[in-house]
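Observations on the model geometry
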Protein chains: 2
Amino acid sequence: MVTPITRAHLEHWDETDELGVLREEFVLPDGLIYLCGNSLGVLPRAASERVRTTVDAEWGQGLVGSWNTAGWFDKPVTVGDRLARLVGADSGEVLAADSTSVNLFKVLSAALALHPDRKTVVAEADSFPTDLYLLDGVTEMLGGYEHRLVENVEGALDDQVAVLLVNHVNYRTGRLRDMAALTELAHRHGVLTVWDLCHSAGALPVHLNACEADFAVGCTYKYLNGGPGSPAFVYVARRHQERARQPLSGWMGHASPFTFDVGYTPSDGIRRFSAGTPPIVSYAPLEASLDIWDRVDLDDVRAKSVKLTGLFIELAAGLDVVSPTDSTLRGSQVSLRHPESYAVMRALVDRGVVGDFRAPDMMRFGFTPLYTRYTDVWDALEILREILATESWRDPKYAVRAKVT
Amino acid sequence: MVTPITRAHLEHWDETDELGVLREEFVLPDGLIYLCGNSLGVLPRAASERVRTTVDAEWGQGLVGSWNTAGWFDKPVTVGDRLARLVGADSGEVLAADSTSVNLFKVLSAALALHPDRKTVVAEADSFPTDLYLLDGVTEMLGGYEHRLVENVEGALDDQVAVLLVNHVNYRTGRLRDMAALTELAHRHGVLTVWDLCHSAGALPVHLNACEADFAVGCTYKYLNGGPGSPAFVYVARRHQERARQPLSGWMGHASPFTFDVGYTPSDGIRRFSAGTPPIVSYAPLEASLDIWDRVDLDDVRAKSVKLTGLFIELAAGLDVVSPTDSTLRGSQVSLRHPESYAVMRALVDRGVVGDFRAPDMMRFGFTPLYTRYTDVWDALEILREILATESWRDPKYAVRAKVT
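Our subject in this report is the structure included herewith. (Residues numbered from 1 in each chain as written. Chains lettered and ligands numbered in written order. Predicted model: local features only at pLDDT ≥ 70, side-chain atom pairs only at ≥ 80, totals over all residues. Heavy atoms only, no water.)

1. As for the overall build of chain A
- The helix and strand inventory of chain A stands at twelve helices and 13 strands.
- Against the compact-globule benchmark of 22 Å for 405 residues, chain A has a radius of gyration of 22 Å, which places it among compact chains.
- For chain A, the C-alpha atoms occupy an extent of roughly 70 × 55 × 40 Å along the three principal directions.
- The burial tally for chain A puts 65% of its 405 residues in the buried class.
- Within chain A, contacts between residues at least 6 apart in sequence are counted, and of these 73% link residues at least 24 apart.
- Entry remark: accessible area of chain A is about 14,200 Å², with carbon and sulfur atoms responsible for 50%.
- Both charge centroids of chain A, one from 39 positive and one from 54 negative side chains, sit 3 Å from each other. (Helix = DSSP H or I, 4+ residues; strand = E, 2+ residues; numbered from the N terminus. Rg over C-alpha atoms; globule rule 2.2 N^0.38 Å. Buried < 20%, exposed > 50% of the residue type's maximum accessible area, 1.4 Å probe, protein only. Contact = heavy atoms within 4.5 Å. Areas by Shrake-Rupley, 256 points an atom, 1.4 Å probe, with all protein chains shown as cover. Lys, Arg positive; Asp, Glu negative; His and termini not counted. Charge placed at Lys NZ, Arg CZ, Asp CG, Glu CD.)

Laid out in structure tokens, this is it:
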């Protein structure tokens, strides 16, 4: 006979959680259970001061000289190097710049150009949509490409395929792909892989180099807590860097940006994946967040994540769980299906439990081991069950759609 | 007989300068004469507080809900609308997003697609180089294009030309183009115009609509004081918006980004020139700067700019002035040529006069009417003349090149 879990058990788990001390490093509004770090991570406590230094000291006092003295010019590279460890890459393989969408344009262009004789791209039908939009943008501009948008990407790979574009963790279901196995299968057909890490970077250990991945992109404002719209990143495996070219050939990617040559000569290494002038102020919170990440072992993050999501699924017995129950197939979120998910989520937010809604009928709950507690899982589900039992979500005010949902 | 100008005259000019009060709105380090606002504008005093609100209140407390409640989602459009007045555009014609380089990629692609039968682009041989790099990036990807990089763009226009790409103010010489006349000439040949406003926006009145310009891009971190790498802008004349498509088709440009459709349907209006998630924190200083710009008439800015640059040229008699002496042909900078410009500029910076160097032999001095005083011009030239007279620039320490020069 199994003893049922009680809140007291979970208080004990929180007290003995080795990552628990990190919660103090973040700002968490009083009374809020924030299970939306897979959409926007919370504010690192040190970020405000870091931003103040960038604005008041570096910009205000250092002015244009800060491009040298404050390391602004190198931010995409130095911040990229700090991100590299978190995604299993080496120094010089990751650049922090632009948005995920813009970076996808760069790597898709670069990957397709490495395979000029192949005119087919495989991607997931349930990909994060912007990935498919960018794929359209790139291939319409190039002309002559065929897309295979499929559920079973493994079955769609053959020797005609130039590039496989996949999400490491599915944004709706939280399903986690086996990067090593899929990359190996792709390579067996000579297919180059482009991984979207938006929902895995900072959520679990990513091993780009160990898996021999080719290209990847990801954002830093979800699990990595870099702030709204913080610089995204792009990964290019070292073995491709010399031949890989991307068309957003702005001056920051030039071999010698300040000689102002008329012709474009790409920089050596990852810097050639730069385009224009980087948004310096937006790097500051991300650097404050990376100071915390420097203290963290991603295996510990993963262990706690599996425990958090497993606990949620266990306590959610009887609800319609969409995410895989096998933890090896699951990222760090759990999604529930309910025909009135929009209203239910609005009611939850009103009660201080923040997840989000994804059309047409899904509630997402993200679990961020650096600041989520086991008791948060308990409390969130208590409130959800009460909302469902009392049907308080039927209040008409919860039916009004916000612009961003 | 003309009375020679004295410093006392200029003190009087400063005292009676109607824009003079605005200097108080900016942070200017003690003892510094900052003539580099054409590279990086200074910090608006209100920017720190504005950033603090965005970080601590909107992000820290509002979290993901701030995409709605703090207007984050609409920042590219609302900030774009505020920029519109400064460049002679209407509401809904300007979007604030990404970098100038990335925006150039968008508008060049869009403009070329409007002219599928023409395969020639005209641009200036002495264009800001990143413009040419992006032109290369776009046309190499499309294939089959010819570039005419010429000194005399007027003479290179004919009915084969799809697009004319020009800088409103030349980054090295400060030469100002006649936007109305050149646009009219281009249109006579059916050529679409793409204007780079980096060195004119905030420096002088720009009349995109009155001149019937087609497309434009520009940055906000120079004369507009938005901060290092602050969001750039893109202008698309209303008459082109319905047909214009750009290939960086990220979700923020989708007609309905949160329905997560698999297919891309561009938003109506300027929003279709969005790509990925905007760097929210970097918009905050720009908005603080725009609060100041709301109080300013650009004709007053131009009048003071002409007086500042004219004074500099007058007081620089005997030096090798590269910029046009005719003020109607001049932006808001004056460039001097000297064979040892690099060392001379280093010596100037050491004495508290900040301009910059542009290879191979040019010193640039930018005049920003919101915070530059007439006495600054006098004092800067006094110090420059002393450095040249004593040859203090020959100190070997001034020969050491910084990474960013």
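Read on for the rest.
2. Quick notes on empty space enclosed by the protein
- Per the stated rule, a full pass over the model turns up seven cavities of 30 Å³ or more.
- Put simply, the largest cavity is a space of about 230 Å³.
- Forming the boundary of the largest cavity are 23 residues, of which Ala 97, Asp 98, Thr 277, Pro 278 and Pro 279 of chain A lie nearest the centre.
- Among the residues making up the lining of the largest cavity, the classes are represented as twelve nonpolar, eight polar and three charged.
- Size it by volume and the second largest cavity reaches roughly 140 Å³.
- In terms of lining, the second largest cavity is formed by 17 residues, of which the most central are Trp 251 and Thr 277 of chain A together with Thr 100, Cys 198 and Tyr 221 of chain B.
- Counted by class, the lining of the second largest cavity contains six nonpolar, nine polar and two charged residues. (1 Å grid on protein atoms, 1.4 Å probe; cavity = no way out; pocket = protein on both sides within 12 Å on 5 of 7 lines; lining within 4 Å. Points joined across faces, edges and corners; volume = space filled by probe spheres on them. Nonpolar A, V, L, I, M, F, W, Y, C, P; charged D, E, K, R; others polar.)

3. Observations concerning the packing of helix 1 (residues 7-16) of chain B against helix 13 (residues 374-390) of chain B
Residue and element names in this part refer to chain B.
- Two elements in contact, helix 1 and helix 13, have axes separated by 7 Å at closest approach and are oriented at 150°. One finds that helix 1 runs roughly antiparallel with respect to helix 13. Residues Arg 7, Leu 10, Glu 11, Trp 13 and Asp 14 of helix 1 form the contact with helix 13, whose participating residues are Tyr 374, Thr 375, Trp 378 and Asp 379.
- Of the residues contributing to the contact of helix 1 with helix 13, the split by class is four nonpolar, one polar and four charged. (Axes fitted to C-alpha atoms, helices over the stretch in contact; angles between N-to-C directions. Parallel < 35°, antiparallel > 145°, perpendicular 65-115°, else oblique.)

4. With respect to the sheet that holds strand 13 (residues 356-358) of chain B
All names here are of chain B.
- Reading across the sheet, the three strands line up as 11-14-13 and stay open at both edges, with antiparallel pairing between neighbours. The open sheet has two edge strands with one neighbour each: strand 11 (333-337) and strand 13. Neighbour to neighbour, the strand axes of the sheet diverge by 30° on average, direction disregarded.
- Sheet analysis places strand 11 next to strand 14 (residues 362-366), joined by five bridges and oriented antiparallel. (Pairing = 2+ DSSP bridges.)

5. Overview of the nonpolar core
- Among the nonpolar cores identified, the biggest contains 234 residues, and Leu 197 of chain A together with Leu 197 of chain B are the most heavily contacted of them.
- Each residue touching Leu 197 of chain B, except ones within four places of it in the same chain, is listed here: Val 87, His 168, Met 179, Val 206, Leu 208, Ala 216, Val 217, Gly 218 and Phe 233 of chain B.
- Of all hydrophobic cores here, the second largest spans 32 residues; its members include Leu 336, Ala 343, Val 353 and Phe 365 of chain B. (Core = buried A, V, L, I, M, F, W, Y, C linked by side-chain atoms within 4.5 Å.)

6. Remarks on the interface of chain B and chain A
- Contacts between the two partners involve 81 residues from chain B, matched on the other side by 81 residues from chain A.
- In total, chain B and chain A occlude about 6,800 Å² of area from one another, counting both sides; carbon and sulfur atoms represent 70% of this.
- The largest per-residue losses of area from chain B upon contact with chain A belong to Trp 59, Tyr 133 and Met 141 of chain B, which jointly make up 12% of the total buried on that side.
- Applying the counting criterion to the chain B and chain A interface returns 17 residue pairs in polar contact (both at pLDDT 80 or more).
- Where the side of chain B that touches chain A is concerned, the elements lending two or more residues are strand 3 (43-44), helix 2 (47-61), helix 3 (66-69), helix 5 (100-113), helix 6 (129-142) and helix 10 (280-293) of chain B.
- Looking at the side of chain B that touches chain A element by element, the count peaks at ten residues for helix 6 of chain B.
- When its residues are assigned to classes, the side of chain B that touches chain A shows 49 nonpolar, 24 polar and eight charged. (Buried area = accessible area lost by both parts, 1.4 Å probe. Polar contact = N/O pair within 3.5 Å; in protein donor to acceptor, adjacent residues only side chain to side chain.)

7. Quick word on the pattern of salt bridges
- One pass over the full model with this rule turns up 53 salt bridges over all chains.
- Close ionic contact of Glu 25 of chain B with Arg 295 of chain B constitutes a salt bridge, the shortest N to O distance being 3.2 Å. Of this pair, Glu 25 of chain B sits in the loop between helix 1 and strand 1 (26-27) while Arg 295 of chain B sits in the loop between helix 10 and helix 11 (298-315); the two residues are 270 residues apart in sequence, bridging distant segments of the chain.
- Residue class for Glu 25 of chain B comes out partly exposed when judged on its relative accessible area of 27%.
- A salt bridge links Glu 391 of chain B to Arg 394 of chain B; its shortest N-O distance comes to 2.6 Å.
- Each of Arg 50, Lys 75, Arg 82, Glu 287, Asp 291 and Asp 294 of chain A takes part in one network of salt bridges that share partners. (Salt bridge = Lys/Arg side-chain N within 4 Å of Asp/Glu carboxyl O.)

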